[in-house]
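Notes for the structure review
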Amino acid sequence: MTASGTAAPPPPSFGLWQRRSLRWQVLAAIVAINLCAALVAVAVIIANARRATEAEMLSSLAVAERFVQETVERLASEQGATGSLAQLPLHISGLRHVRIRIEDRAGTALDIAPAGSEPHEGEVPGWFTWLVSAEGQEIVVPIVENGATVGQVRVAGEASDEIAEVWEDMSDLALLAAAVNIAILAALYLVLGRLLMPLRTLSAGLSELEAGRFEHRLDPPRIRELAVIAERFNALGAALKAAREDNGRLNERLVSVQDDERRQIASDLHDELGPCVFGLRANLESIERLAARAEPALGQRMGERIATMTEILDRIQGLNRRLLRKIRPMALGHVPLAAVLADLVADFESHSPGRRITLSAEGLAERYGDSVDITLYRCIQEAVTNALRHGAARNIAIRLRADRRAGRIDLAIEDDGTGIAAGAQHGFGLIGMEERISALGGTWRILPVVPSGTRIEVTIPAQPYQFGLSAAPERLAAQ
């Protein structure tokens, strides 16, 4: 069975970033900006800390040098120029940012005084120490007793205290910045959710319009710009609803005019062409009787001509009947609808040997008016024709059910043919069927059948023209 529809365009391909919601994109952008700012801040802090550490070390070395020199001179004078080397470790210790090493004349370390430091929580990572550490410097102060050098004091810069202080300050700042950023991101998450809620509502509204529910309306949000969009959406919905109603009225009028024209043509064919054919046939029979009394040779020739004309008249009469059935079955409106449809099914089976077509009618009234009756007739006619001609179906089941309470008729035509070809276009028959159903305010759809075949479902609003159900049997089958 041929069916409709151009292939839908493939969905747009989005990357990982585009698949995220606008809220997450904004938050991710803010996080990325904050990370860049944090990297810049760390670079600035490290550069400043390196300069400050270097300056602090130089200052500490200068102070330590003066202190050591004064201490060495003072001990040498107090000890009477002897024993200063042994007393020196007791007097020089605890200096900040420097490390002191006391050596004798041979270079052997007598004492190593570490740099004075304040306790710091945690350890400084090695990578931070490597980034902040400045180039170390060392000063040598000789120890002289009685004019002879008995040893020396090595004073080297030590930046561990300064580095630990910088690391502690930077850690506290990082924790504060992280807490502030988390609070800001949480607030933005909530605020963006409130701001973007109208967009989700708009998206849901567009889905309603896509489904054909043009009466759907949006409540204007408090945000002015989004309120304008909501107003335009509501105006669009009203315009689409009005356009659909206009199209429905136009389609209904077109179908009505078309049915009136077909009814008039069918009436002319039946009332004008039919009597003319009957008159010609009567005259031919009269001529045939006259030819029987003519000379044998002339009568034979006249009989041949009469036979040819009779054959032509039979063909014209058959063509007239087929045209009447195609344009408008004359029985519609005069006999019960179920009987007309049963006759249509029987005609299909008579011209399609080896095919089985069944009709099941439940609760049908005798008639529903020309528009509904003809629409049901045409839907069955078009669906069965397509199933036989294009689907090569062997079995076709037609089910009709009238729901008087709901005021509608449900029609289903299912076949076991080859099914719908991918990307198949609507034929003129299906287009006409769709127009008729839409003009009556009905719906229809085409579905594939497993393992093969096609199913057409039609729903038409209808009320019977007269009470009392048709006397046609519940199940009419043309074997």
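Residues numbered from 1 in each chain as written. Predicted model: local features only at pLDDT ≥ 70, side-chain atom pairs only at ≥ 80, totals over all residues. Heavy atoms only, no water.

**Remarks on the overall build of the protein chain**
Helix and strand counts for the protein chain come out as 10 helices and 10 strands. When the 479 residues of the protein chain are sorted by exposure, 32% land in the buried category. Within the protein chain, contacts between residues at least 6 apart in sequence are counted, and of these 69% link residues at least 24 apart. Element-wise, carbon and sulfur atoms account for 58% of the exposed surface of the protein chain, whose accessible area totals about 28800 Å². (Helix = DSSP H or I, 4+ residues; strand = E, 2+ residues; numbered from the N terminus. Buried < 20%, exposed > 50% of the residue type's maximum accessible area, 1.4 Å probe, protein only. Contact = heavy atoms within 4.5 Å. Areas by Shrake-Rupley, 256 points an atom, 1.4 Å probe, with all protein chains shown as cover.)

**So, the environment of L185**
Here L185 is to be found in helix 5 (residues 160–210). The contacts of L185, once residues within four sequence positions are left out, are L27, I30 and V31.

**Topic: the confidence of the model for the protein chain**
Confidence along the protein chain averages 79 in pLDDT terms, with 86% of residues attaining 70 or more. With pLDDT under 50 throughout, residues 1–8 is counted as low confidence; its partners more than four residues away or in other chains account for 28 contacts. (pLDDT = per-residue confidence, 0-100.)

**Quick word on the environment of R232**
Among the structural elements, R232 can be located in helix 6 (residues 224–292). Considering only alpha carbons, one finds R232 and L218, 14 residues apart in sequence, at a separation of 9.8 Å.

**Examining the packing of helix 8 (residues 337–350) against helix 9 (residues 370–389)**
At their nearest, the axes of helix 8 and helix 9 sit 11 Å apart, and the two run at 20° to each other. By the angle between their axes, helix 8 is roughly parallel relative to helix 9. Here the hand of the crossing between helix 8 and helix 9 comes out right-handed. Residues L337, V340, L341, L344 and F348 of helix 8 pack against D373, L376, Y377, I380, Q381, V384, T385 and L388 of helix 9. When the residues that make up the contact of helix 8 with helix 9 are grouped by side-chain class, the tally is 10 nonpolar, two polar and one charged. (Axes fitted to C-alpha atoms, helices over the stretch in contact; angles between N-to-C directions. Parallel < 35°, antiparallel > 145°, perpendicular 65-115°, else oblique. Left-handed = near helix turned anticlockwise from the far one by under 90°. Nonpolar A, V, L, I, M, F, W, Y, C, P; charged D, E, K, R; others polar.)

**With respect to a nonpolar patch on the surface**
Residues L173, L176, V180 and I184 make up a contiguous nonpolar surface patch of about 350 Å² in total accessible area. When you line up the elements, L173 lands in helix 5. The exposure class of L173 is partly exposed, given its relative accessible area of 48%. (Patch = residues over 30% accessible without salt bridge, like charges linked within 9 Å, V, L, I, M, F, W, Y side chains within 5 Å. Salt bridge = Lys/Arg side-chain N within 4 Å of Asp/Glu carboxyl O.)

**Some words on the nonpolar core**
Ranked by size, the top nonpolar core spans 41 residues in total, and within it Y368, I396, I398, L400 and L411 carry the most contacts. Among the elements that take part in this core, helix 9 stands out by supplying 10 residues, more than any other. Among all residues touching I398, those that are not within four sequence positions of it are V345, I357, T358, L359, S360, I380, V384, L411, A412 and I413. (Core = buried A, V, L, I, M, F, W, Y, C linked by side-chain atoms within 4.5 Å.)

**As for the pattern of salt bridges**
Here the structure, examined in full by the defined rule, presents 11 salt bridges. A salt bridge links R401 to D403, with the shortest nitrogen-to-oxygen separation between them at 4.0 Å. R401 gets classed as partly exposed once you look at its relative accessible area, which sits at 38%. Salt-bridge contacts for R455 lead to E457; the nearest nitrogen and oxygen are separated by 2.7 Å. Beyond isolated ion pairs, a larger network of salt bridges with shared partners links E414, R445, R455 and E457.

**Things to note about the packing of helix 6 against helix 7 (residues 296–327)**
Contact geometry of helix 6 with helix 7 gives a least axis separation of 10 Å together with a crossing angle of 165°. The orientation of helix 6 with respect to helix 7, classified from their angle, is roughly antiparallel. Helix-helix and strand crossings are classified by hand; for helix 6 and helix 7 the assignment is left-handed. In the contact of helix 6 with helix 7, the residues fall into 17 nonpolar, six polar and four charged.

**A word on the pairing of strand 4 (residues 148–157)**
As defined by bridge partners, strand 1 (residues 98–104) adjoins strand 4 across seven bridges and the pair is classed as antiparallel. Of the residues in strand 4, the one forming a bridge with D104 is G151. The loop that links strand 3 (residues 138–145) with its antiparallel partner strand 4 comprises two residues; one of these, N146, has a positive phi angle of about 55°. (Pairing = 2+ DSSP bridges.)

**Focus: helix 10 (residues 428–439)**
An α-helical turn contains 3.6 residues, so a residue and the one three or four places further along point in the same direction. Helix length check: helix 10, at 12 residues, gives a terminal C-alpha distance of 16 Å against a target of 16 Å (1.5 Å per residue), a fit within 8%. Along helix 10, the positions that sit buried rather than exposed are L430, M433, R436, I437 and A439. Residues of helix 10 that are buried make contact with helix 6, helix 9, strand 8 (443–448) and strand 9 (454–461). Just downstream of helix 10 lies G441, where phi reads positive at about 80°. (Expected span 1.5 Å × (residues − 1).)

**Here's the deal with unusual backbone geometry**
Omega for the peptide link from V450 to P451 comes to 5°, which places this bond in the cis form. Tracing the chain through its elements places P451 in the loop between strand 8 and strand 9. In the Ramachandran plot, A392 falls in the positive-phi region, its phi being about 55° despite a non-glycine side chain. Note on placement: A392 falls in the loop between helix 9 and strand 6 (395–403). On the accessibility criterion, A392 (47% relative accessible area) is partly exposed.

**What about helix 5?**
For helix 5, which comprises 51 residues, the first-to-last C-alpha distance of 69 Å matches the rise-based estimate of 75 Å (1.5 Å per residue) to within 8%. Following helix 5 by one or two positions, G212 adopts a phi angle in the positive range, close to 90°.

**Focus on the pairing of strand 6**
Across seven bridges, strand 5 (residues 356–362) lies against strand 6 in parallel orientation. Each residue of the ladder has a partner; that of T358, found in strand 6, is A397. In this fold, the crossover linking strand 5 to strand 6 by way of helix 9 has left-handed handedness. Two strands pair when backbone bridges link them, and strand 6 and strand 7 (residues 408–415) are joined in this way by eight bridges, in the antiparallel orientation. Residue pairing for strand 7: L400 is matched across the bridge by L411. Between the antiparallel neighbours strand 6 and strand 7 lie four residues, among them G407 with a positive phi of about 70°. (Right-handed = clockwise from strand over helix to strand, strands pointing away.)

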